Amino acid sequence: MADLKGRPRPTGATATLCRTGFPHVTSTTRGEIDIVTAPSQPGFSPLDLLYASLSACLVLSARIAASQMGVLDRISEITVDVTGEKAAEGLSRVAKFNIVFSITGDLDEETRRKIVDAAEDEICTVSNTIRGTPEFSTTIVEQG
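Residues numbered from 1 in each chain as written. Predicted model: local features only at pLDDT ≥ 70, side-chain atom pairs only at ≥ 80, totals over all residues. Heavy atoms only, no water.

Asker: So what about the overall build of the protein? Which residues, and what values?
Answerer: Regarding its fold elements, the protein presents three helices and five strands. In sequence order, the protein lays out its α and β elements as β-β-β-α-β-β-α-α. Here the protein, with 144 residues, has 24% of them falling under the buried criterion. Sequence-distant contacts in the protein: of pairs separated by 6 or more residues, those separated by 24 or more amount to 42%. In the structure as shown, the protein presents an accessible area of about 10,700 Å², 52% of it carried by carbon and sulfur atoms. Distance between charge centroids for the protein: 4 Å, based on 14 positive and 19 negative side chains. (Helix = DSSP H or I, 4+ residues; strand = E, 2+ residues; numbered from the N terminus. Buried < 20%, exposed > 50% of the residue type's maximum accessible area, 1.4 Å probe, protein only. Contact = heavy atoms within 4.5 Å. Areas by Shrake-Rupley, 256 points an atom, 1.4 Å probe, with all protein chains shown as cover. Lys, Arg positive; Asp, Glu negative; His and termini not counted. Charge placed at Lys NZ, Arg CZ, Asp CG, Glu CD.)

Below, the structure written as structure tokens:
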């Protein structure tokens, strides 16, 4: 696959939470989302955002892969459904991601598999990060 380094998009997010209420998240590019925590509340929980990030990155990466393979014009839709299973023991974490790709269009199974493999293993920054062991650098700033 070709090198995908292009003009970098600013990335990052800040979450703010008061003594009561729910987190409000603002992206570096001024996107905003309110986070929910109750199971019956519509909206995104922090875990939903993790799944959303992975699914969005994978559909975009699959489109890039299809374009690089010269088959994008034969695709009508790409859908990626991501769910997960939390670990039964140890730290609170997702132990398994369940990913279901659906690629609609005039493609054979081998081509679909190549698109998925390239998206998951080469192109998607989110899947590559989750599979790796990223370093965390945490700073605590004292506020008055």
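Asker: Pulling in residues and values, what's your account of the side chain of Arg112?
Answerer: Structurally, Arg112 can be placed in helix α2 (residues 109-123). A polar side-chain atom of Arg112 sits 2.8 Å from the main-chain carbonyl oxygen of Ile103. Polar contacts involving the side chain of Arg112 include one to the main-chain carbonyl oxygen of Leu107, which spans 2.4 Å. What Arg112 contacts, discounting residues up to four positions off in sequence, is Ile103, Gly105 and Leu107. (Polar contact = N/O pair within 3.5 Å; in protein donor to acceptor, adjacent residues only side chain to side chain.)

Asker: Give a description of the packing of aromatic side chains that names residues and reports values.
Answerer: Taken as a whole and judged by the stated rule, the model has one aromatic pair. For the ring pair Tyr51 and Phe97, a centre distance of 6.1 Å and an interplane angle of 85° mean the geometry is edge-to-face. Here Tyr51 is found in helix α1 (residues 46-69), whereas its partner Phe97 is found in strand β5 (residues 94-105), with 46 residues between them in sequence. (Phe/Tyr/Trp six-rings, centres within 6.5 Å; stacked < 30°, edge-to-face > 60°.)

Asker: Give a description of the pattern of salt bridges that names residues and reports values.
Answerer: Evaluated as defined, the whole model comprises three salt bridges. Where Asp121 meets Arg131, a salt bridge forms, and the shortest distance between an N and an O atom there is 3.7 Å. Here Asp121, found in helix α2, pairs with Arg131, found in helix α3 (residues 125-131); they are 10 residues apart in sequence, far enough to count as distant. On the accessibility criterion, Asp121 (47% relative accessible area) is partly exposed. (Salt bridge = Lys/Arg side-chain N within 4 Å of Asp/Glu carboxyl O.)

Asker: So what about the environment of Lys114? Which residues, and what values?
Answerer: Relative to the elements of secondary structure, Lys114 occurs in helix α2. The spatial distance from the C-alpha of Lys114 to the C-alpha of Ala62 is 9.4 Å, given a sequence separation of 52 residues.

Asker: Tell me about the side chain of Ser61, and please be specific about residues and values.
Answerer: Secondary-structure assignment places Ser61 in helix α1. For Ser61, a relative accessible area of 4% corresponds to the buried category. When neighbours within four sequence positions are excluded, Ser61 is seen to be in contact with Ala119, Ile123 and Cys124.

Asker: Please give an account of the sheet that holds strand β2 (residues 24-27) that cites residues and values.
Answerer: With antiparallel pairing, three strands are arranged side by side in an open sheet as β1-β2-β3. Because the sheet does not close on itself, it has two edges, and the strands there are β1 (13-16) and β3 (32-34). Sheet twist, expressed as the mean angle between neighbouring strand axes with direction ignored, is 20°. Pairing of β1 with β2 involves four bridges; the strand directions are antiparallel. (Pairing = 2+ DSSP bridges. Axes fitted to C-alpha atoms, helices over the stretch in contact; angles between N-to-C directions.)

Asker: Go over α2, please, and point to the residues and values.
Answerer: The end-to-end C-alpha distance of α2, which contains 15 residues, comes to 20 Å, matching closely the 21 Å that a straight helix rising 1.5 Å per residue would cover. Looking at α2, one finds that the buried residues are Thr111, Arg112, Ile115, Val116, Ala118, Ala119, Glu120 and Ile123. Measuring from the backbone nitrogen of Glu110 back to the side-chain oxygen at the start of α2 gives 3.3 Å, which picks out Asp108 as the cap. (Expected span 1.5 Å × (residues − 1).)

The analysis is restricted to geometry; functional conclusions fall outside its scope.
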